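# Fold and contact review
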Amino acid sequence: MRILLLGGSGQLGKTLINSAPERIGSHLIDLISLNRKDLDLADFSACKDMVRLLKPDFVINTAAYTLVDKAESDSLKSFLVNADAPKALAEGLKETGGKLIHFSTDYVFDGEKSKPYKTFDIKNPLNIYGKSKALGEDYIMELLAPSSQCFILRTSWLLSSYGNNFLLKMLTLLMQKGTVNVVSDQISSPTTTITLANACWSLINRVSAGEKPSNILHWTDNGVASWYDIAQAIAEYGLEFGILNKPAKIIPINTLEYPLPANRPAYSVLDLTESRKHFDFPSIYWRDSLKTLIGKLKDLY
Ligand SMILES: NC(=O)c1ccc[n+]([C@@H]2O[C@H](COP(=O)([O-])OP(=O)(O)OC[C@H]3O[C@@H](n4cnc5c(N)ncnc54)[C@H](OP(=O)(O)O)[C@@H]3O)[C@@H](O)[C@H]2O)c1
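A brief report on the enclosed structure follows. Not measured: the values here are computed from a predicted model.

Conventions used here
- Residues numbered from 1 in each chain as written.
- Predicted model: local features only at pLDDT ≥ 70, side-chain atom pairs only at ≥ 80, totals over all residues.
- Heavy atoms only, no water.
- Helix = DSSP H or I, 4+ residues; strand = E, 2+ residues; numbered from the N terminus.
- Rg over C-alpha atoms; globule rule 2.2 N^0.38 Å.
- Buried < 20%, exposed > 50% of the residue type's maximum accessible area, 1.4 Å probe, protein only.
- Areas by Shrake-Rupley, 256 points an atom, 1.4 Å probe, with all protein chains shown as cover.
- Disulfide = S-S within 2.5 Å.
- 1 Å grid on protein atoms, 1.4 Å probe; cavity = no way out; pocket = protein on both sides within 12 Å on 5 of 7 lines; lining within 4 Å.
- Points joined across faces, edges and corners; volume = space filled by probe spheres on them.
- Near = heavy atom within 4 Å.
- Polar contact = N/O pair within 3.5 Å; in protein donor to acceptor, adjacent residues only side chain to side chain.
- Nonpolar A, V, L, I, M, F, W, Y, C, P; charged D, E, K, R; others polar.
- Phe/Tyr/Trp six-rings, centres within 6.5 Å; stacked < 30°, edge-to-face > 60°.
- Lys NZ or Arg CZ within 6 Å of the ring centre and 35° of its normal.
- Patch = residues over 30% accessible without salt bridge, like charges linked within 9 Å, V, L, I, M, F, W, Y side chains within 5 Å.
- Salt bridge = Lys/Arg side-chain N within 4 Å of Asp/Glu carboxyl O.
- Pairing = 2+ DSSP bridges.
- Core = buried A, V, L, I, M, F, W, Y, C linked by side-chain atoms within 4.5 Å.
- Contact = heavy atoms within 4.5 Å.
- Expected span 1.5 Å × (residues − 1).
- Axes fitted to C-alpha atoms, helices over the stretch in contact; angles between N-to-C directions.
- Parallel < 35°, antiparallel > 145°, perpendicular 65-115°, else oblique.
- Left-handed = near helix turned anticlockwise from the far one by under 90°.

## As for the overall build of the protein
When its secondary structure is counted, the protein shows 9 helices and 14 strands. A compact globule built from 301 residues would reach a C-alpha radius of gyration of about 19 Å, and the protein, at 19 Å, matches this within 12%. For the protein, the spread of C-alpha atoms along the three principal axes comes to 55 × 40 × 40 Å. Going through the 301 residues of the protein one by one, you find that 51% of them count as buried. Summing over all exposed atoms, the protein offers an accessible surface of approximately 13500 Å²; the carbon and sulfur share of this is 51%.

## Points about the state of the cysteines
All told, the structure shown has 0 disulfides when counted by the stated rule. Here C200 stays free of any disulfide, with the sulfur of C150 as its closest cysteine sulfur at 14 Å.

## Structural notes on the layout of surface pockets
Estimated volume of the second largest pocket: approximately 170 Å³. In this structure, the second largest pocket is lined by 14 residues; those nearest its centre are S161, Y162, I194, L293 and K296. Counting residues per element, the lining of the second largest pocket draws most heavily on helix α6 (residues 193–208), which supplies 4 residues.

## With respect to the site of the ligand
Neighbouring the ligand are 24 residues; S9, R36, T66, Y129 and K133 lie closest to it. Within the contact set of the ligand, an oxygen atom lies 3.3 Å away from a backbone nitrogen or oxygen of F103. Contacts to the ligand include L158, whose backbone N or O atom sits 2.9 Å from an oxygen atom. Per-element accounting of the shell around the ligand gives the leading share, 3 residues, to strand β6 (residues 99–105). For the shell around the ligand, the class distribution of residues is 11 nonpolar, 10 polar and 3 charged.

## A short note on the packing of aromatic side chains
For the coordinates displayed, the defined rule picks out 5 aromatic pairs. Between F109 and Y117, the aromatic rings sit 4.2 Å apart at their centres with planes inclined by 10°, giving stacked as the arrangement. Taking the relative accessible area as the measure of exposure, F109 reaches 0% and is therefore buried. We classify Y117 as buried; its relative accessible area is 3%. One aromatic cluster is present, formed by W157, F166 and W227 through successive ring pairs. Just above the ring of Y139 sits the side chain of K87; from NZ or CZ to the centre is 4.7 Å. A cation over an aromatic ring shows up here: K113 above the ring of Y117, its NZ or CZ 5.3 Å from the ring centre.

## Notes on a nonpolar patch on the surface
A cluster of nonpolar side chains, M175, L300 and Y301, forms an exposed patch at the surface whose accessible area comes to about 330 Å². In this structure, Y301 sits in the segment after α9 (286–297).

## Digging into the pairing of strand β5 (residues 58–61)
Residue alternation in β5 divides its side chains into two sets, F58 and I60 and V59 and N61, and both sets are buried. Sheet topology note: the β5/β6 ladder contains 4 bridges and is parallel. Bridging across to β6, V59 finds its partner in L100.

## Details of unusual backbone geometry
Across residues other than glycine, the phi torsion is negative in most instances, and most of the peptide bonds are trans. Positive phi, normally seen in glycine, also occurs at K55, with a value near 45°. Turning to its location among the elements, K55 is positioned in the loop between α2 (44–54) and β5. Accessibility expressed as a relative area gives 54% for K55, which makes it exposed.

## As for the nonpolar core
Among the nonpolar cores identified, the biggest contains 61 residues, and L6, F166, L167, L174, I230, I234 and L290 are the most heavily contacted of them. Ranked by residue count, the leading element in this core is helix α7 (residues 227–240), at 7 residues. Once residues lying within four places of it in the same chain are set aside, the contact partners of I234 are F166, L167, M170, L171, L174, L244, L290 and I294. Counting 25 residues, the second-largest nonpolar core is a separate cluster that includes M1, F58, I101 and L196.

## Details of helix α4 (residues 128–144)
Compared with an ideal rise of 1.5 Å per residue, which puts 17 residues at 24 Å, α4 spans 24 Å between its outermost C-alpha atoms and is within 8% of the ideal. Taken together, the buried positions of α4 are occupied by I128, Y129, G130, S132, K133, A134, G136, E137, I140, L143 and L144. In the core, the buried residues of α4 are packed alongside α3 (75–96), β6 and β7 (150–155).

## Quick notes on the packing of α2 against α3
Working note: a packed helix pair is described by the angle between its axes plus the distance between those axes. The N-to-C vectors of α2 and α3 enclose an angle of 30°; their axes lie 8 Å apart at closest approach. It follows from the interaxial angle that α2 and α3 lie roughly parallel. Between α2 and α3 the crossing geometry is right-handed. In contact with F44, C47, K48, V51 and R52 of α2, α3 contributes D84, A85, K87, A88, L89, E91, G92, L93, E95 and T96.

Rendered as C-alpha cells:
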C-alpha cells in the first residue's frame, strides 16, 4: 500500500514517520515522505502532478502554513498552502482514486459557543490561518466527499518533542525566567502528536478494511485546559522528571494583556462523540498524555 506523507519535517509528520506500522491489514506499507524541496505546496500544478505520478492509495497531508500570527500579513501564502494545495491534491486523487487524510484545526470555529464544537457546526474563523484552513476543508469536501475519498481530521493545540511548540517553548521559559505570563482565558484541548498519529494510523486501518467513517472527524486528548493550565502542568511534570529545578512563577493573564496579530477563539473545544465511534482505542486525558511526553523528554535535558 503506497502512502504519500506531506509535511514529514513538521511535528505531526515526524511523529507519523516514527509510529508508522509495517503493515496495514495484510498490506506492507510503502511510505513516501516528501519535504518542501521535493514538493512546494504553494505550487498547485506540482501538487496535482505528484499525485498523478505516484498514484498513492492514501495521501496524509500534515503540511500547512501553521504560523498563525505571520499568516495575518502573509495571507497569499497561507491560502496557497492551506487551501489551494489541498484542492490540488484532491483534484489529483479524484483522477487516481486514492484517498486523502487531511488535518485541520479548531481555529475554523469562532469560539462563541460554550459547548464543544460538533463536526457539523458552522465554521466562522477569526483569523487568516483559520479562514485558509476552512477553505481547504471546503475544497476537499466538494471534490472528494461524494466518493468517500476524504477524511478531515480536526484537532487542537498540538504538543510534541519536535519543533517550536508550546511545550518546548514553555520548558525553556520556565528554566530561564523568574516569572512567566501565560494566557488563561483561551480554552481548548491540548493534544500530543502521539495521540493524533495513532488516530491517523487507526483511521487508515479502518478505511482500508472497508469501513466508511464520516468525512469530518474530531480527535484530541480528553479534557479541557487554558494555556495557563498547560503551563502549570508542564512545570509540575518538569519538576517531577528532573528537567526543571526551580521553575519560574507562572502568572495568569488575559488575551487582551498579550496582544498578537491574529485573533484566536476563546473556546474551541472539539466534540469527539461521533468520532469516538470510528476509533478503536481509548482517548487519553490530556494531563496523562502530556506526562508521558515529558517523561520521554527527560533524557534530552
Ligand atoms: N500545531 C497545532 O497546534 C495545530 C492545531 C490544530 C491543527 N493543526 C494542524 O495539524 C497539522 C500538522 O501541524 P504541525 O503542528 O505538525 O505543523 P508544523 O510542525 O508547523 O509543520 C508544518 C509542515 O508543513 C510543511 N510546509 C509548510 N509550508 C510548506 C510548503 N510551501 N511546501 C511544502 N511543505 C510545507 C513544513 O515544511 P518545512 O519544515 O519545510 O517548513 C512542515 O513540514 C496541520 O494541518 C495544522 O494545520 C495544528
